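Structural characterization, general
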Amino acid sequence: MNLRRRIKGNINSMREHAELLSSVRDDISEYKASGSTSPRMQLLRERASIHGSISHMDDVINQAQSTRSVLGSQRALFGDVQGKVKLLSDKFPIIRGLLGAIRRKRSRDTLILSAVIAACTLFLIIYWLSK
């Protein structure tokens, strides 16, 4: 579901990009073809261009607001899940012990990974300095 939404968003953004490029090309070709048009026509064209940009910005802002609301609902959902897990861990000490073991394993894995990265960086610096 999320992948579909992302693909549709990518397709829409590519389509908008192509439309924008074609409209810019059309504007350039119209400008070259018209030579010197009246200042009033130039102002009207500029106004139409600004109006198009504003409507495009409105669309982007609406997409951002909908994304924000979806992220807010996901945050609430994860908060509810976290509360339920805490409630279960309070009821059943075995689950609390299991969650603690998972947390300790995760922190141990993080320490091992950071030690490996530090050692690789140190060896890289020593190799670089020895050249």
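Residues numbered from 1 in each chain as written. Predicted model: local features only at pLDDT ≥ 70, side-chain atom pairs only at ≥ 80, totals over all residues. Heavy atoms only, no water.

Moving on: the overall build of the protein chain. A count of helices and strands for the protein chain gives three helices and zero strands. Starting at the N terminus and ending at the C terminus, the protein chain contains elements arranged as α-α-α. For 131 residues, the compact-globule estimate of 2.2 N^0.38 gives 14 Å, and the C-alpha radius of gyration of the protein chain, at 28 Å, exceeds that figure by more than 25%. When the accessible surface of the protein chain is summed, it comes to about 12,200 Å², and 65% of that surface belongs to carbon and sulfur atoms. Once the 22 positive and 11 negative side-chain charges of the protein chain are each reduced to a mean point, those two points are 15 Å apart. (Helix = DSSP H or I, 4+ residues; strand = E, 2+ residues; numbered from the N terminus. Rg over C-alpha atoms; globule rule 2.2 N^0.38 Å. Areas by Shrake-Rupley, 256 points an atom, 1.4 Å probe, with all protein chains shown as cover. Lys, Arg positive; Asp, Glu negative; His and termini not counted. Charge placed at Lys NZ, Arg CZ, Asp CG, Glu CD.)

The UniProt entry lists residues 111–130 under the feature "transmembrane region" (unreviewed entry), expressed in the numbering used here. In residues 111–130, the share of helix is 100% and the share of strand is 0%. The end C-alpha atoms are 28 Å apart. (UniProt positions renumbered as here; feature names shortened; annotations may be inferred.)

This paragraph deals with the pattern of salt bridges. In a structure, side chains of opposite charge can pair up when their charged atoms sit close to one another. Enumeration over the complete set of coordinates arrives at one salt bridge. Residue Asp109 is joined to Lys105 by a salt bridge in which the shortest nitrogen-to-oxygen separation is 3.8 Å. One end of the pair, Asp109, and the other, Lys105, are both in helix H3 (residues 93–130), four residues apart, so they sit about a helical turn from each other. (Salt bridge = Lys/Arg side-chain N within 4 Å of Asp/Glu carboxyl O.)

Turning to a nonpolar patch on the surface, a few remarks are in order. Among the surface-exposed residues, Leu3, Ile7, Ile11 and Met14 lie close enough to one another that they form a single nonpolar patch of about 400 Å² accessible area. Take Ile11: it is sitting in helix H1 (residues 2–34). Residue classification places Ile11 among the partly exposed positions, given a relative accessible area of 41%. (Patch = residues over 30% accessible without salt bridge, like charges linked within 9 Å, V, L, I, M, F, W, Y side chains within 5 Å. Buried < 20%, exposed > 50% of the residue type's maximum accessible area, 1.4 Å probe, protein only.)

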